[in-house]
Amino acid sequence: MITLANINHSKDNREQIATYLINHPKDINLYLAILKAKTVNDYFKAAWALEFVSRISCTTLLPYLDQLISLAKEETADQAIRPFAKIFETFVLKHYKKELTQPLTNSQLEAISEQCFDWLITKQKVAAKAYSMTTLYKLGSTFSWIHPELKVNLEANFNEGSAAFKARARHILKKL
């Protein structure tokens with residue numbers, strides 16, 4: 001088992017952890033338990049590892065998606081919210097490309113859309129907002145109410161956004 005102390009910012013390191021978890025999927029439960037308990041100082045590193053699992057093999061995380069959605073709703077730490085937002089973006093993009101072993105359910109898609117809107121309208125760092133914009137744009141092809149709401153939100157917050165926020169918002173608004 002790889003401990004959180006062994007996880008750092010490097011891409012190679014997180015890819016190693018992800019490969020380990022893909023080869024030992026039962027250990028994913030331990031990472032989810034750490035995220036739920038939040039009793040370890042660096043608990044958010046578990047989210048970093050799971051983000052890389054999703055990048056390499058979403059299929060490995062598919063059985064845990066409902067738990068991830070539930071944990072994301074409770075999360076308040078920026079260091080964990082960003083990887084959750086990236087995980088959701090990855091799942092949704094792969095869902096629409098039909099690259100998952102089974103499609104996401106409407107209830108999962110709805111829960112992801114609600115969480116992404118929450119991140120978009122609350123005070124979050126730009127990465128979580130950017131990933132949420134992309135996710136919501138894609139989800140708008142399933143839920144007709146999303147695109148109009150997304151457009152209103154992006155236009156309303158455009159002037160107060162950072163340069164990175166504006167760049168992603170401009171890109172999404174062109175598509176809308």
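Since this is a predicted model, take the numbers as computed values, not measurements.

Asks: Summarise the environment of T60; cite the residues concerned and give the values.
Replies: Structurally, T60 is set in helix α4 (residues 58-61). Judged by relative accessible area, which is 15%, T60 ranks as buried. For T60 and L21, which are 39 residues apart along the polypeptide, the C-alpha to C-alpha distance reads 8.6 Å. Ignoring anything within four residues of it in the chain, the contact list for T60 reads L21, I22, P25, I28 and V53.

Asks: So what about helix α3 (residues 45-56)? Which residues, and what values?
Replies: Between its first and last C-alpha atoms α3 spans 17 Å; for 12 residues at 1.5 Å apiece the expected length is 16 Å, and the two agree. When α3 is considered as a whole, its buried residues turn out to be K45, A46, A47, W48, A49, L50, E51, F52, V53 and S54. Close packing links the buried residues of α3 with α1 (11-23), α2 (28-37), α4, α5 (65-74) and α6 (78-96).

Asks: Go over the packing of helix α8 (residues 126-139) against helix α10 (residues 163-175) with me, naming the residues and quoting the values.
Replies: Where α8 meets α10, the closest approach of the two axes is 9 Å, and the angle between their N-to-C directions is 5°. Comparing their axes, α10 and α8 come out roughly parallel. Residues V126, K129, A130, Y131, M133, T134 and Y137 of α8 form the contact with α10, whose participating residues are A164, F165, R168, A169, I172 and K175. Here the residues of the contact of α8 with α10 sort into nine nonpolar, one polar and three charged.

The rules behind each value
Residues numbered from 1 in each chain as written. Predicted model: local features only at pLDDT ≥ 70, side-chain atom pairs only at ≥ 80, totals over all residues. Heavy atoms only, no water. Helix = DSSP H or I, 4+ residues; strand = E, 2+ residues; numbered from the N terminus. Buried < 20%, exposed > 50% of the residue type's maximum accessible area, 1.4 Å probe, protein only. Contact = heavy atoms within 4.5 Å. Expected span 1.5 Å × (residues − 1). Axes fitted to C-alpha atoms, helices over the stretch in contact; angles between N-to-C directions. Parallel < 35°, antiparallel > 145°, perpendicular 65-115°, else oblique. Nonpolar A, V, L, I, M, F, W, Y, C, P; charged D, E, K, R; others polar.

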